[in-house]
Amino acid sequence: MKKTSYFFTIVFLIFFTNSYAQTQVDALRYSQNIYGGTAKSIAMGNSLSAVGADMTNLTVNPAGIAVFKKSQMTFTPTFLVSNTDGTMFENTRKDSRFDVSISNWGIVGAFPGVGLWKQISFGFTYNKTNDFTQQFSVDGKNNIGSMIDFFVYNDNNSYVGTAGDIDRASKFREDLAYETYIVNYDEDNLEYYSHVTDANLYGETQRKIVTRRGGSGEYDFTFGGNLNNILYLGGTMGITSVRYIQTSKYTESNFTEVDVEGVRMDPENFAFNEDLTTRGTGFNFKFGMLFTPVSFIRLGGAIHSSSFYSMHDTFETSMESKFYTPDVNNDYDYYWSSDPNSFDWRLRTPFRANAGIAFVLDSYEIGSLYTLPMTFSADYEYVDFSRAKLDANPDDYDFVNENIAIANSYQAVQNLHFGAEISFGIISVRGGYQIYGSPYKGDAAFENATVGYSGGIGFNGKHVFLDLAYSAMQNNEKFYLYDAQANFPNDPMGSVYAPEPVADLKHINYFATMTLGVRF
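How each quantity is defined
Residues numbered from 1 in each chain as written. Predicted model: local features only at pLDDT ≥ 70, side-chain atom pairs only at ≥ 80, totals over all residues. Heavy atoms only, no water. Helix = DSSP H or I, 4+ residues; strand = E, 2+ residues; numbered from the N terminus. Buried < 20%, exposed > 50% of the residue type's maximum accessible area, 1.4 Å probe, protein only. Contact = heavy atoms within 4.5 Å. Pairing = 2+ DSSP bridges. Salt bridge = Lys/Arg side-chain N within 4 Å of Asp/Glu carboxyl O. Arc of directions from axis to C-beta. Phe/Tyr/Trp six-rings, centres within 6.5 Å; stacked < 30°, edge-to-face > 60°. Lys NZ or Arg CZ within 6 Å of the ring centre and 35° of its normal. Core = buried A, V, L, I, M, F, W, Y, C linked by side-chain atoms within 4.5 Å. Polar contact = N/O pair within 3.5 Å; in protein donor to acceptor, adjacent residues only side chain to side chain.

Student: What exactly am I supposed to notice about the overall build of the protein chain here?
Tutor: Looking only at helices and strands, the protein chain features nine helices and 25 strands. C-alpha extents for the protein chain along the principal axes are approximately 95 × 45 × 35 Å. Per-residue burial for the protein chain yields a buried fraction of 54% across its 520 residues. Of all intrachain contacts in the protein chain linking residues separated by at least 6 positions in sequence, the fraction that spans at least 24 positions is 74%.

Student: What's the story with the pairing of strand β12 (residues 297–304) in this structure? I'm lost.
Tutor: On any regular strand, side chains alternate: one points to one face of the sheet, the next to the other face. A large share of β12 lies buried, amounting to six of its eight residues. Connecting the antiparallel pair strand β11 (residues 267–294) and β12 is a turn made up of two residues. Across eight bridges, β12 lies against strand β16 (residues 352–361) in antiparallel orientation. Counterpart to L299 in the pairing with β16 is I357.

Student: How do you make sense of the environment of L116 when you look at a structure like this?
Tutor: If you trace the backbone, L116 turns up in the loop between β2 (91–112) and β3 (117–131). Owing to a relative accessible area of 55%, L116 belongs among the exposed residues under this scheme. Not counting residues up to four positions away in its chain, the partners in contact with L116 are N226, L227 and N228.

Student: Help me understand the pattern of salt bridges, please; the structure alone is not making it clear to me.
Tutor: When the charged atoms of two side chains lie near each other, side chains of opposite charge can form a pair. Going through the model one piece at a time under the given rule, you end up with 18 salt bridges. The salt bridge partner of D491 is R168, with a shortest N-O separation of 3.7 Å. Taken as a pair, D491 in the loop between α9 (484–487) and β25 (502–519) and R168 in the loop between α5 (147–155) and α6 (174–179) lie far apart in primary sequence, 323 residues in all. The residue R352 makes a salt bridge to E381 at a minimum N-O spacing of 3.1 Å.

Student: Got a minute to help me understand the side chain of N130 in this structure?
Tutor: For N130, the location among the structural elements is in strand β3. Look at N130 and you get buried, because its relative accessible area is 9%. Excluding its chain neighbours within four sequence positions, the residues that come into contact with N130 are R29, Q32, I34, G215 and S216.

Student: Would you mind showing me how to read helix α8 (residues 400–409) here?
Tutor: Within α8, the full set of buried residues consists of E402, N403, A405 and I406. Taken end-on, α8 shows its buried residues confined to a sector of 155 degrees, consistent with a single buried face. For α8, the exposed residues lying more than 90 degrees away from the buried face are N401 and N408. In this fold, the buried residues of α8 make contact with α2 (24–31) and β20 (389–391).

Student: I would appreciate a short explanation of the packing of aromatic side chains in the present structure.
Tutor: Aromatic rings considered in pairs are described by the distance between their centres and by the relative angle of their planes. In the structure shown here, the tally under the stated rule is 32 aromatic pairs. Where F418 meets Y433, the ring centres are 6.5 Å apart and the plane angle is 25 degrees; that geometry is what we call stacked. Residue F418 is found in strand β21 (residues 412–424), and its partner Y433 is found in strand β22 (residues 427–436); the two are separated by 15 residues along the sequence. When its relative accessible area of 38% is taken as the criterion, F418 is described as partly exposed. What makes Y433 partly exposed here is its relative accessible area of 29%. Put simply, the rings of F150, F151, Y250, F270, Y482 and F488 pair up and form one aromatic cluster. Positioned over the ring face of Y244 is R29, at 4.0 Å from the centre of the ring. Note that R264 overlies the ring of Y324, its terminal NZ or CZ placed 3.7 Å from the centroid.

Student: In this structure, what is going on with the environment of F79? I would like to understand it.
Tutor: Relative to the assigned elements, F79 resides in strand β1 (residues 72–88). Measuring from C-alpha to C-alpha, the distance between F79 and Y510 comes to 8.2 Å, with 431 residues separating the pair along the chain. Apart from the residues within four sequence positions on either side, F79 is in contact with F98, D99, V100, Y510, F511 and A512.

Student: Could you clarify how one ought to interpret the nonpolar core in this entry?
Tutor: Side chains that are nonpolar tend, in soluble globular proteins, to be buried together. Counting 37 residues, the largest nonpolar core has F151, I182, F270, M319 and Y482 as its most contacted members. Elements supplying a minimum of two residues to this core: β4 (134–142), α5, α6, β11, β13 (308–323) and β25. At six residues, the largest contribution of residues to this core is made by α5. Not counting residues up to four positions away in its chain, the partners in contact with I182 are I148, F151, A177, S194, P267, F270, M319, S321 and F323. Within the second largest apolar cluster, 23 residues are counted, among which are V242, F343, L347 and Y410.

Student: Even after reading the chapter, I still don't get unusual backbone geometry, so can you show me in this structure?
Tutor: Negative phi characterises most residues that are not glycine, and trans characterises most peptide bonds. Of note in the backbone geometry, A53 takes a positive phi value of approximately 60 degrees without being a glycine. If you trace the backbone, A53 turns up in the loop between α3 (39–43) and α4 (57–60). One non-glycine residue, N330, adopts positive backbone phi at about 65 degrees. When you line up the elements, N330 lands in the loop between β13 and β14 (333–337).

Student: Any chance you could explain the environment of G36 here in plain terms?
Tutor: Relative to the assigned elements, G36 resides in the loop between α2 and α3. A sequence separation of 285 residues divides G36 from S321, and the C-alpha atoms of the two residues are 43 Å apart. Residues in contact with G36, not counting those within four places in the same chain, are I42, N46, T56, S103 and K128.

Student: In this structure, what is going on with α5? I would like to understand it.
Tutor: In an α-helix, one turn spans 3.6 residues, which is why side chains three or four residues apart end up on the same side. Judged by how many residues are buried, α5 sits mostly within the fold: nine of nine residues are covered. Here α5 has its buried residues at M147, I148, D149, F150, F151, V152, Y153, N154 and D155. A distance of 3.0 Å separates the backbone nitrogen of I148 from a side-chain oxygen at the start of α5, and that oxygen is part of S146.

Student: Just to check I follow, could you spell out the side chain of S137 for this structure?
Tutor: Along the chain, S137 turns up in strand β4. Using a relative accessible area of 13% as the deciding quantity, one classes S137 as buried. A polar contact of 2.8 Å, which involves the side chain of S137, links it to the side chain of D95. Among residues more than four places away in sequence, those in contact with S137 are G86, R93, D95, K208 and I209.

Given below as structure tokens:
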């Protein structure tokens, strides 16, 4: 086996060097909030927008800070077990990953007010807004196609610097396939090819293993006031942070034999490795109110500005291949890696709004009996993911196609949160349910939704309290094996080759959370 020409290697490197691209998938990932926070908030389904007096309020409805009667400090660690079932070609694989992180910490100072302002409160807190921890694997036998088809199609359908200006081939993908002899160049016909693709002989085992780590969170500076114990107002400036790390290994092996003039030309196997790290910071603003028309009813609502992120990506790839037939140097194995790529970009997440109602019932005398103090709460949140926007320095990239893909792929959603608490003196028992609508255009309101169930218990002392919560969050994901759909949503694989394989992922995350708090 021998390269046809060093000339074409040089041409390939000059013209096919587009960098790793951010896609609509990135915009959605960093725009979604699956709130963490305190154990009480988690146990009650994150439904405290109208209840108030919880550190999570500073992220959801800042007016809740004005409900605190005393100053308070909290610290909340959480333990996560992330389980994923991945199904492809009727094969199911089960994977798990564990993580320990900080879901919340913070301090609120509550001070006497003046006149109708009964109380003034200041707070600084951190609340986790999403956890990206996952690990999954999918595999199966593909009789009709290969990722090699994707390489060949991209190589032969890139027109950089011409009127078409379609830049499909990448130095992080197709360059590696060329250098490891998975794809070759035909000088006579001036096109790229693969013996596997030309022979239309597949039957290989495809496997992909993906590990995701990191999360997003928010540092909130909040100010609020209590107006005559009827109207509570609050505002927050939030500093957002993101850390996302994804590593993946994709392999193909056990191809159907491809014989060319008595020589076996199909690869014994090849592997494609990707490593992505994204870090970012941003800011947003929030304003909230909480109104008590009667003593046992609270109405709350808040608006959240977009979060304005500055992101930094580092990305690199490598590929290795092994053949049955050696080349003229008696080599069977080949390896090539990209240079690490760094890219700075920006994201504007969508505007958000939420509203809530809570019934806060004290103990009432009924004959010779007394009812238990109880709280019932419900929250509604609106966010339109189609309004997320990617951006960068115009000299680097304009993201026009990616922003069109965002608008065409996503939709507005409604998220619902419900919670209840019953107090038995110093012990409180809690439960919650939450459902996040599907962001994918075409899905019905709660089709393919993310659903959460939770419960917990609280121990309430005069100066110290301890809250425990256990919750489960479940969602489904369509996972495209080659990332063709994400990178080229209008034309993933062309019309000649078999469609990109799609795996069905079922994610279930279990959280055990504890909040230790001090009042002073």
